Each structure stands twice: as structure tokens, then as C-alpha cells.
Amino acid sequence: MKLTRKLVLAKAKATDLDSVKKLNCWGCNLSDISIFTQIPHIEVLTLSVNSISSLSALSGCVCLNELYLRRNQIPSLSELSHLRPLTRLRVLWLAENPCCGTEAGQYRLNVLRCLPRLHKLDNQAVTEEELSLALEKGEEITTPPASAKNQLPTNDQPENLNSTNGQAEAESENDPLNYSMEETNLSLCSKIREQLGMRPIPRDKFPPLASPTLRPAAKKSHTLEAVLMLLKDLEEEELHIVLMATQNRLLTHTQPELTHSVAITDTHTLTISKESMTDIQH
């Protein structure tokens with residue numbers, strides 16, 4: 001079933017789509033939610049207990065703060081890539097979807113690495129320790145190939161962003177000597193920004209390919225320069241995330257046995273701890 005303008009206005013008790021801030025479509029047997037490309041100011045959205053399989057229509061809902069998607073048909077965590085531009089998103093309920101798999105601990109780490117700004121996932125608060133572990137142990141989530149090809153460009157996602165970044169990364173791995181120091185730093189900085197849920201650096205900001213000047217032995221120093229460049233653009237909350245990840249990384253060098261123990265404890269806690277459900281419609 002397709003969510004229509006008429007149904008949205010009726011449920012939201014609104015006269016136009018621009019004024020819709022909250023919407024509850026729990027259990028409406030929905031499969032097509034393309035209407036959200038026309039509802040940019042939505043802040044709280046409940047779509048639980050439907051048949052939704054794609055989240056691409058939500059990529060332009062930049063005001064979204066809470067999103068409830070429990071018990072749908074989302075096939076892969078790669079659909080979460082459409083939520084990366086939503087920098088205000090703090091609450092996500094994704095449980096009981098095919099994409100969640102059977103390993104609850106790893107699932108949470110993967111989601112939090114993709115969306116590190118979340119404060120609550122599946123009705124369970126996100127801790128600083130869990131977020132730090134996610135940035136280190138979580139698997140990277142990429143945009144589905146079909147979605148990357150067909151998705152309409154937005155202000156936060158330039159049309160050629162995914163393809164050019166992927167090409168740049170592949171070229172860098174195949175022949176790192178093709179890049180000047182400046183381009184290498186920008187490439188690394190762009191990749192780190194994307195992992196933190198920020199908009200990567202557009203390809204047109206990169207300088208033209210230069211003659212081979214970068215030696216493999218200098219990669220670590222350029223990585224450090226890229227990180228330092230990134231710090232200038234981060235806000236307080238994002239800086240705190242970087243701080244936690246840095247402290248956790250330092251422990252692997254100074255106290256490896258303690259770090260291993262903490263990682264096991266955190267993962268075990270993530271697997272067995274659950275908070276009671278407070279709202280059946282979320």
C-alpha cells in the first residue's frame with residue numbers, strides 16, 4: 001500500500017505537507033513511502049509494523065529526530081546509508097527487521113558506526129563506551145548499488161559523491177603514489193568524516209592528480225594530518241566521540257589485556273541487556 005498525501009494530512013491533522021512535524025502510521029500495511037520526499041520538516045515519524053523495505057525516501061528529511069521502524073521488511077543495514085544525512089536523528093527503533101540478523105551485539109555496533117549521533121537504539125540508551133567500541137569494531141555500511149545509482153541528488157549528497165569517493169579510494173589503494181600530499185590528506189579526511197556520519201568532502205575540492213610525490217612510508221604522518229584537519233570542522237558532540245575512540249585506542253597500546261577484557265564485557269552486556277518496551281506503537 002502506498003502512503004498518500006490525503007492519508008498523511010488526515011493522520012497529521014494538517015492542511016499541507018510542509019507543516020507536518022509528527023506522523024504516526026503504525027500498522028497501516030505500507031510498502032511505498034515515497035511521499036516523504038515532499039515532507040522535509042517531519043521531526044517524529046512512526047512507521048512500525050508495516051511492509052517497508054527501502055529508506056531512500058527519508059534521505060531528505062533533515063529535521064527528523066525520532067524514527068520508529070520496528071517490524072518492517074528492511075532487508076539490509078545498507079539501507080541505513082540513506083539516514084546518514086539526517087544529522088538531527090537521535091532515536092531509532094529498527095528491531096524485528098530482517099536486517100537485524102541474529103547477533104544482537106554486532107548488529108548494534110554496525111548501526112552505531114553508521115549513525116554515531118544516535119542517543120537511543122531499539123529503546124536502549126547508547127553509552128559512550130558502546131559508541132567508542134562501535135567506531136573500532138563495527139562494520140562499515142555502504143550504500144546499496146541500485147540506490148546509489150538511482151537516488152536523486154540532495155544538498156547534502158552531491159550526485160557523483162558515492163561513485164567518486166569509491167573510485168578515489170580504490171585508486172589510492174591500487175597506487176598510492178598517484179596522489180600529492182594535499183590530495184591524500186583530503187581523501188583521508190573525507191573518509192573519516194563519512195564514518196562519523198558527516199558529509200564527505202566533494203570531489204571538486206580535490207586538486208588535480210600530481211606527479212608521484214608520496215612515499216608509502218609517509219602514510220601514517222598524512223593520516224595524522226588528515227585527522228587534525230578534520231578536528232577543525234567537528235562540533236562538541238562529535239569531538240567527544242573522537243575523544244572516546246582515541247582513549248580506547250590508547251588502551252590497546254598501554255594495557256592490551258585490560259582492553260580485551262573490557263571489549264568482551266561490553267559485547268556481552270550488549271547481547272544480554274534489554275530495556276522493557278514503553279510504547280507498543282514504537
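This is a predicted model, so every value here is computed, not measured.

Conventions adopted
Sequence positions are assigned chain by chain, starting from 1 and proceeding in written order. The predicted nature of this model means local features are confined to residues of pLDDT at least 70 and side-chain atom pairs, given and counted, to a pLDDT of 80 or more, with totals for whole chains, interfaces and linings taken over all residues. Side-chain metrics in this entry use all non-hydrogen atoms of the structure; hydrogen atoms and water are not considered. In DSSP terms, a helix is any run of H or I states spanning at least four residues, a strand is any run of E spanning at least two, and both are numbered starting from the N terminus. Each residue's exposure class comes from its accessible area (1.4 Å probe, protein chains only) as a fraction of the maximum for that residue type: buried when under 20%, exposed when over 50%, partly exposed otherwise. Whether two residues are in contact is decided by their heavy atoms: any pair within 4.5 Å suffices. All accessible-area figures derive from a Shrake-Rupley calculation using a 1.4 Å probe, and residue coverage is judged against the displayed protein chains alone. Only protein atoms enter the 1 Å grid used here, on which a cavity is any set of points holding a 1.4 Å probe that cannot leave and a pocket is any open set flanked by protein within 12 Å on both sides along at least five of seven lines; residues with an atom within 4 Å of a point are listed as lining. Grid points are joined across faces, edges and corners, and a volume is the space filled by probe spheres set on the points. Three classes are used, and their members are as follows: Ala, Val, Leu, Ile, Met, Phe, Trp, Tyr, Cys and Pro are nonpolar, Asp, Glu, Lys and Arg are charged, and the others, Gly among them, are polar. Think of it this way: DSSP has to see at least two bridges between two strands before they count as a pair. Expected span, for any helix, means 1.5 Å times one less than how many residues it has. This arc corresponds to the set of directions leading from the helix axis out to the C-beta atoms. Here pLDDT means the predictor's own confidence in every residue, given as a number from 0 to 100. Lines fitted to C-alpha atoms define the axes here, with helix axes fitted over just the stretch in contact, and angles between the N-to-C directions of these axes take values from 0 to 180 degrees. The labels follow the angle: roughly parallel below 35 degrees, roughly antiparallel above 145, roughly perpendicular from 65 to 115, and oblique for the rest. Among buried residues, those of type Ala, Val, Leu, Ile, Met, Phe, Trp, Tyr and Cys that are joined through side-chain atoms within 4.5 Å constitute a nonpolar core.

A closer look at the overall build of the protein chain
Regarding its fold elements, the protein chain presents nine helices and six strands. Considering the protein chain as a whole, with its 282 residues, one finds that 43% of them fall into the buried category. The long-range fraction of contacts in the protein chain, counting pairs at least 24 apart against all pairs at least 6 apart in sequence, stands at 56%. Of the roughly 15300 Å² of accessible surface on the protein chain, 54% is carried by carbon and sulfur atoms.

Some words on empty space enclosed by the protein
Scanning all chains against the criterion turns up two cavities of 30 Å³ or more. What the largest cavity holds in volume is close to 70 Å³. Along the lines of polarity and charge, the residues of the lining of the largest cavity split into seven nonpolar, two polar and two charged.

Looking at the sheet that holds strand 4 (residues 91–93)
Taken together, the six strands give an open sheet; going across it, the order is 1-2-3-4-5-6, and neighbouring strands pair in mixed fashion. The sheet terminates laterally at strand 1 (22–24) and strand 6 (124–125), the two strands that pair on one side only. With three bridges connecting them, strand 2 (residues 44–46) and strand 3 (residues 66–68) associate as parallel partners. Pairing of L45 across the sheet is with L67, part of strand 3.

Description of helix 2 (residues 104–114)
Helical periodicity: at 3.6 residues per turn, an α-helix aligns residues three or four positions apart in one direction. Burial analysis of helix 2 places nine of its eleven residues in the buried class, the great majority of the element. Every buried residue of helix 2 is accounted for by G105, Y107, R108, L109, N110, V111, L112, R113 and C114.

Digging into helix 8 (residues 236–254)
Here helix 8 contains 19 residues, and its C-alpha end-to-end distance of 27 Å stays within 8% of the 27 Å for a straight helix at 1.5 Å per residue. Listed as buried for helix 8 are E238, I241, V242, M244 and N248. When helix 8 is viewed along its axis, its buried side chains cluster within an angular range of 160° and face the same direction. For helix 8, the exposed residues lying more than 90 degrees away from the buried face are E236, H253 and T254.

Overview of the confidence of the model for the protein chain
Mean pLDDT over the protein chain stands at 74; residues scoring 70 or higher make up 59%. Below pLDDT 50 for its whole length, residues 205–219 participates in 29 contacts with residues either more than four positions away or in separate chains.

A closer look at the packing of helix 3 (residues 128–137) against helix 8
Interhelical geometry of helix 3 versus helix 8 gives an angle of 70° and a closest axis separation of 9 Å. The orientation of helix 3 with respect to helix 8, classified from their angle, is roughly perpendicular. Along its contact with helix 3, which presents E128, E129, L131, S132, L135 and E136, the element helix 8 presents H240, I241, M244, A245, N248 and T252. Within the contact of helix 3 with helix 8, the residues separate by chemical class into five nonpolar, four polar and three charged.

Remarks on the nonpolar core
Formed by 49 residues in total, the largest nonpolar core has its most connected members in F36, L80, L83, L92 and L94. In terms of residues, this core owes the most to one element, helix 2, which gives five residues.

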